Amino acid sequence: MVKVENKETLRLLTKRFMKMNRARNIIAVIAIMLTSLLFTSLFVGSVSMILSKRATEIKQFMDSSHAIAQNLSEEDAERLQKTIEQDEDVERYGSGIFLGAGRDERFGFSVEVRYADENMAESFNCLPTTGRLPEKKNEVALSSMVLEAMGVTPKIGEEVTLTWEVNPMLKQYKTDTFQICGFWQGDKAVLGQMIWVSESYAKENRYHVTQDELQNGIYNGCKEYSVWYKNLWNLEKKTENISKTAGFTKAGTGLEINPAYNLFEEDSFSFTSLIVMVLFVILAGYLIIYNIFNISVKTDIRAYGLLKNVGTTGKQLKKIVRMQAWRLSVIGIPLGLLCGYLAGLLMAPSLTADNEITEQAGQTALTVVSANPLIFIVAALFTLLTVYLSSLQACRMVERVSPVEALHLAEGEQSRRKMKKNTSVTWWGLAAQNVFRNWKKGLIVMLSIALSMVVVNCIVMLVQGYDLDSYRKILLPTDFKLDQMTGNLLNTNFNGITPEIKEILNKCPESEKTGYVYYSEERHKMEPALMKTWETLAEKNKENWTDYEKQIWEETKADNTVKVHFLGISEAVFDMLEWKGEKCSWDTFKSGDYVIVDYSDKYTEEPVSYYQSGETFKMEYGNGKQKDYGVIGEAMMPYSLDYPYADTVYITVMVPEEEYITQTGNQSAMYAAIDAKKGEDKQVKEYIDKNVLKENDMINVSSVLDMKASFRRFVGKYYMIGGFLVVILAFIGIMNFFNTTTFATVFFFQLHLTIVPCLLMVPILSGIAYAIPKYQFKKMSQESVVERIRKE
């Protein structure tokens, strides 16, 4: 036996086999293209979701740097800056000084007066597009929104008079007149509007905040830094090293990662889902490519046997099969990469439009579609891996077959002999024998078709699982909610619903009822019973608390006072409370002699009471007033109308609206809640747009109309993704079925489904099961019986 060593001969044989199997080649190229398309669209969509989420958070929270340090004293800032400058991982950094909040009754939004160098201003996305940053003491750069609110024309050289808060505790303010040296287009979707002053002005006029004052929430005069690393690898370790080197040991201090770059935070991208999807695509591609190569090898098995008989080794035959796979991949993969990118491009807006069903006004998600070459390289490699796995069985088959076995091998030979003895075989019996004669082939076909069916059913189950009423009950218990809250506690406005806005809302003719929630923070000296309750809660949950939360508890315990979220509520909001125990009446509560206290459900399985009905609660207001109230009941504020920021040790105390205004003097509410008359939702929305937003366009409006539209888009995203997968997988199944029947005397398809979405697919599948065998039988009938026997 002569061993064939010529590589050119192997290439020639590969080419001949390719010519012999033109139909197979077309199907294989389509299968490889679809597999490549799925991988590419999956990776394009995944990366786009990550980048879009990052871009949205960078814009909304006004920070594009990799790590940030805020609220630093002069001493801490000096240590940190020295550490940053010496760190080899840092590419560049920016620095700034927070002077104070801008004060002007014309501002209907948060305004901050700061100094920032060019890098810091870039991280805030507030670099002047016209002019430059301030250099002289009398220069200022600011957003167009601030200028428009003040009635000043955005023009270089124009004078503008600004007032800012030097110290909020002492109520110290400073007013100066500046010349505009730069400005940019303001964006109401961000946390606040910036006013940049020069470094010399900031150093001369800043408040020299102490460490104790910083810990007590006074940030005027603090320094801050923005840091960019040379790469995004291992951000957490780099940031932690800088903080520790600079001497920051307490949690929540020093340099911290920008949350926009942290992919492992809660609600961030799920790598587990990506891995599952990758395995899913590998399975989908494997189901068809495996069958194509197996059928092709079985069809050409005699040719492989003859080659082995003349000296070709099993390893060389395996190489011929593998070379065919690679040649088909060279055609299919590029086509799949292109089509996959286009599919990802089309799907990206839907994937990123509604990461959360409810969105604050103006805070729409950004869409970023990535065309990073790495995406296409990885997609191509995964497709090649799928092709390689799919061809393993075919390669083993040709490697192990002997010349004698190849010459005598015919699919179903034994079954055919048995069938000759039984002349009464029916068509369905023949089909069943054909299937069971080669059950592996039939299993592959059924799996490939069933895969699309499973996806259809899963998508329908997933979509039906989302319930708008349940979601709305938690996040929007009223038809409309208005506020001026932001995603950051430092820049939020707890008094955004002013008396003027309330007057407009109260006049809305289409509203059924309108309610308000007022907020202020107070402190309450803990009675022994309340201290014992919190000690029990702290003991049960100390393992789950962060160092910062533990520190808050220790400070609370040492001070023996607890933070109070003090809320004033109107009757419409009173009716939405979630009660523990018996509900009291509004008529009794509105007298102003009683309070409602919340209960704890965060730390224990069973709700824990802070106060029982009938007990006395002594309120000591920050303005010096005191009053004893009777506890009339325990209730929770609806989630969307409660204090919206994370807190650790606190209690919520509610009083009637009039009592709250009388005791605090604050007439501006945190939230407005409106229920429209039946069928009048659109009219109320139009009223708010024309009247309220005309008065202050910085007010956030959450409406049931927008929620329903967002919900439809959110659900539509799954329909789109699922539909895309179903079409591809169904096409794979059809091709698999088509390819299988090309090389059989009969067909087999059996469907047993009891679920409604799957039943809806039966007519389509029945049509396919009828049309394809009919086509193949018509084609087969054109050949003589002898020719067909030869092929067997």
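Here the residue numbering is sequential within each chain, running from 1 through the sequence in written order. Restriction of local features to residues with pLDDT of at least 70 applies here, the model being predicted, together with a cutoff of 80 or more for giving and counting side-chain atom pairs; totals for whole chains, interfaces and linings are based on all residues. Processing note: side-chain calculations cover all non-hydrogen atoms of the structure and skip hydrogens and water entirely.

**Section: the overall build of the protein chain**
Argument step 1. In terms of regular secondary structure, the protein chain is built from 28 helices and 22 strands.
Argument step 2. Buried residues in the protein chain amount to 50% of all 792 residues.
Argument step 3. Residue contacts are counted whenever heavy atoms from the two residues lie within 4.5 Å of one another. For the protein chain, long-range pairs separated by at least 24 residues make up 81% of all intrachain contacts whose partners lie at least 6 apart in sequence.
Argument step 4. For the protein chain, the exposed area adds up to about 39,600 Å²; of that, 55% sits on carbon and sulfur atoms. The helix count covers DSSP runs of H or I at least four residues long, the strand count covers runs of E at least two residues long, and both are numbered beginning at the N terminus. Type-normalised accessible area, obtained with a 1.4 Å probe on protein chains alone, sets the label of each residue: buried when under 20%, exposed when over 50%, and partly exposed for intermediate values. Method for areas: the Shrake-Rupley scheme with a 1.4 Å probe, in which residue coverage is limited to the protein chains shown.

**Quick look at the pattern of salt bridges**
Any two side chains of opposite charge can pair if their charged atoms end up close together.
Argument step 1. By salt bridge we mean one thing: a side-chain nitrogen of Lys or Arg within 4 Å of a carboxyl oxygen of Asp or Glu. The tally for this structure, following the rule as stated, stands at 20 salt bridges.
Argument step 2. One salt bridge connects E634 with K580, and the closest N-O pair in it is separated by 3.9 Å. Highlighted residues: E634 in strand β19 (residues 626–636) and K580 in strand β14 (residues 578–580), separated in sequence by 54 residues.
Argument step 3. Through salt bridges that share partners, E112, R114 and E224 make up one connected network.

**Considerations on helix α19 (residues 528–541)**
Argument step 1. Here α19 spans 20 Å end to end across 14 residues, near enough to the 20 Å set by a 1.5 Å rise per residue.
Argument step 2. Among the residues making up α19, those that are buried are L530, M531, T533, W534, L537, A538 and N541. The buried residues of α19 occupy one face: seen down the axis, they fall within an arc of 160°. Turned more than 90 degrees away from the buried face of α19 sit P528, A529, K532, E539 and K540, all of them exposed.
Argument step 3. Those residues of α19 that are buried are in contact with β12 (511–525), α20 (547–559), β13 (561–569), β16 (599–600), β17 (608–609) and β20 (650–656). Take the residue count of a helix, subtract one, and multiply by 1.5 Å to get its expected span. Along the arc lie the directions from the helix axis toward the C-beta atoms.

**Re helix α24 (residues 681–695)**
Argument step 1. Helix length check: α24, at 15 residues, gives a terminal C-alpha distance of 21 Å against a target of 21 Å (1.5 Å per residue), a fit within 8%.
Argument step 2. All of the buried residues along α24 are D681, V684, K685, Y687, I688 and V692.

**Quick look at the UniProt feature "transmembrane region" (unreviewed entry) in the protein chain**
Argument step 1. Under the UniProt annotation, the feature "transmembrane region" (unreviewed entry) is placed at residues 26–51, 269–293, 325–348, 368–390, 442–463, 718–738 and 750–772.
Argument step 2. Helix and strand shares over residues 26–51 are 100% and 0% respectively, and the end C-alpha atoms of the span are 37 Å apart. UniProt positions are given in the numbering used here, feature names are shortened, and annotations may be inferred rather than shown by experiment.

**Re the packing of aromatic side chains**
Any aromatic ring pair is given by two values, namely how distant the centres are and how the planes are angled relative to each other.
Argument step 1. We call Phe, Tyr and Trp rings a pair once their centres come within 6.5 Å, taking the six-membered ring for Trp, and we label the pair stacked below 30 degrees between planes, edge-to-face above 60, and tilted otherwise. Overall, the coordinates contain 21 aromatic pairs when judged by the stated rule.
Argument step 2. Note on Y341 and F376: the rings are 5.8 Å apart at their centroids and 55° apart in plane angle, and the pair reads as tilted. With a gap of 35 residues between them, Y341 in helix α11 (residues 314–353) and F376 in helix α12 (residues 373–400) connect regions that are remote in the sequence.
Argument step 3. Overall, F376 belongs to the partly exposed group, its relative accessible area being 21%.
Argument step 4. Their ring planes at 15° and their centres at 5.7 Å tell us that W534 and Y610 sit as a pair that is stacked. In this pair, W534 is assigned in helix α19 and Y610 in the loop between β17 and β18 (616–620), connecting sequence segments 76 residues apart. Y610 carries the same exposure label as W534, and that label is buried.
Argument step 5. A network of ring pairs unites the aromatic residues F494, Y519, Y643 and Y645 as a single cluster.
Argument step 6. Of note, R79 hangs over the ring of F248, and the distance from its end group to the ring centre comes to 5.3 Å.
Argument step 7. Two conditions define a charge sitting above a ring: the NZ of Lys or the CZ of Arg must be within 6 Å of the ring centre, and it must be within 35 degrees of the ring normal. For the cation-ring pair, R92 lies above W228, with the distance from its terminal atom to the ring centre recorded as 4.0 Å.

**Focus: the pairing of β13**
Argument step 1. Along β13, nine of the nine residues are buried, which leaves the element largely enclosed by surrounding structure.
Argument step 2. Residues T561, K563, H565, L567 and I569 point to one face of β13 and V562, V564, F566 and G568 to the other, with burial holding for every one of them.
Argument step 3. Any two strands with at least two DSSP bridges between them are considered paired. In this sheet, β13 lies alongside β12 in antiparallel orientation, the contact comprising nine bridges. Residue pairing in the sheet places Y518 in a bridge with G568 of β13.

**Concerning the pairing of β12**
Argument step 1. Sheet topology note: the β12/strand β21 (residues 671–676) ladder contains six bridges and is antiparallel. Its bridge partner being in β21, Y516 is matched across the sheet by A672.

**Some points on unusual backbone geometry**
Argument step 1. You will see that N125, though not glycine, has its phi angle at about 60°, which is positive.
Argument step 2. Note on placement: N125 falls in the loop between α4 (118–123) and β4 (130–131).
Argument step 3. A positive phi angle, near 60°, is found at N560, a position not held by glycine.
Argument step 4. Structurally, N560 is set in the loop between α20 and β13.
Argument step 5. Assessed through its relative accessible area of 25%, N560 is described here as partly exposed.

**Considering the environment of E659**
Argument step 1. Note on placement: E659 falls in helix α23 (residues 657–664).
Argument step 2. Along the backbone, E659 and G568 are 91 residues apart, and their C-alpha atoms lie at a distance of 7.5 Å.
Argument step 3. Here E659 is in contact with G592, K627 and Y629, once residues within four sequence places are set aside.

**Quick word on the nonpolar core**
Argument step 1. Only buried residues count toward a nonpolar core, which is a set of Ala, Val, Leu, Ile, Met, Phe, Trp, Tyr and Cys residues joined through side-chain atoms within 4.5 Å. Counting residues in hydrophobic clusters, the biggest one holds 44 residues, and the most contacted among them are L482, L505, W534, I651 and I688.
Argument step 2. Considering every element that reaches this core, the biggest residue donor is α19, with five residues.

**What to know about a positive patch on the surface**
Argument step 1. Taken together, the side chains of K15, R16, K19, R22 and R327 present a region of like positive charge at the surface.
Argument step 2. The greatest single-element share of the positive patch, amounting to three residues, is contributed by helix α1 (residues 7–20).
Argument step 3. Considering the arrangement of structural elements, one finds R327 in helix α11. To count toward a patch, a residue needs a relative accessible area over 30% and no salt bridge; like charges are then connected within 9 Å, while nonpolar side chains (Val, Leu, Ile, Met, Phe, Trp, Tyr) are connected within 5 Å. Counted charges follow a simple rule, with Lys and Arg positive, Asp and Glu negative, and His plus the chain ends left uncounted. Charge positions come from single atoms, namely NZ of Lys, CZ of Arg, CG of Asp or CD of Glu.

**Structural notes on the confidence of the model for the protein chain**
Argument step 1. For the protein chain, the mean per-residue pLDDT works out to 79, and 76% of the residues sit at or above 70.
Argument step 2. Scored below 50 in pLDDT, residues 355–362 makes 18 contacts in the model with residues more than four places away or belonging to other chains.
Argument step 3. Contacts from residues 410–423, a stretch scored under 50 in pLDDT, to residues over four places away or in other chains number 15 contacts. The predictor's confidence in any single residue is recorded as pLDDT, a number from 0 to 100.

**What to know about a nonpolar patch on the surface**
Argument step 1. A surface patch of nonpolar side chains, amounting to about 320 Å² of accessible area, comprises W326, L385, Y388 and L389.
Argument step 2. Per-element tally for the nonpolar patch: the top contributor is α12, with three residues.
Argument step 3. Along the chain, the position of Y388 falls in helix α12.

**Thoughts on the side chain of S703**
Argument step 1. Assignment of secondary structure puts S703 in strand β22 (residues 700–703).
Argument step 2. Owing to a relative accessible area of 2%, S703 belongs among the buried residues under this scheme.
Argument step 3. Polar contact is the term for a pair of N or O atoms within 3.5 Å; when the atoms are in protein, one must be able to donate a hydrogen and the other to accept it, and sequence-neighboring residues count only if both atoms are side-chain atoms. At 3.0 Å, the side chain of S703 forms a polar contact with the backbone nitrogen of D706.
Argument step 4. Leave out the neighbours within four places in its chain, and S703 touches L476, D479, F480 and K685.

**Some thoughts on the packing of helix α18 (residues 499–506) against α24**
Argument step 1. Running from N to C, α18 and α24 cross one another at 165°; their axes reach a closest spacing of 10 Å. The angle between α18 and α24 falls in the class roughly antiparallel. For the element pair α18 and α24, the recorded crossing hand is right-handed. Facing E500, I501, I504 and L505 of α18, the residues of α24 in contact are Y687, I688, N691, V692 and E695.
Argument step 2. In this count, Pro and Cys sit with the nonpolar residues alongside Ala, Val, Leu, Ile, Met, Phe, Trp and Tyr, while Asp, Glu, Lys and Arg are called charged and the others, Gly among them, polar. When the residues that make up the contact of α18 with α24 are grouped by side-chain class, the tally is six nonpolar, one polar and two charged. Note on definitions: angles span 0 to 180 degrees between N-to-C directions of axes, and those axes are lines fitted to C-alpha atoms, for helices only across the stretch in contact. Our angle categories are set so that under 35 degrees counts as roughly parallel, over 145 as roughly antiparallel, 65 to 115 as roughly perpendicular, and the remainder as oblique. The hand of a helix crossing depends on one turn: near helix anticlockwise from the far one by less than a right angle means left-handed, and clockwise means right-handed.

**Concerning the packing of α1 against helix α2 (residues 22–61)**
A pair of packed helices can be characterised by two numbers: the angle between their axes and the separation between those axes.
Argument step 1. Direction vectors running N to C along α1 and α2 enclose 90°, while the axes themselves pass 5 Å from each other. On the basis of their axis angle, the class for α1 and α2 is roughly perpendicular. Residue-level contacts link F17, M18, K19 and M20 of α1 to R22, R24 and N25 of α2.
Argument step 2. Grouping the amino acids of the contact of α1 with α2 by side-chain chemistry returns three nonpolar, one polar and three charged.

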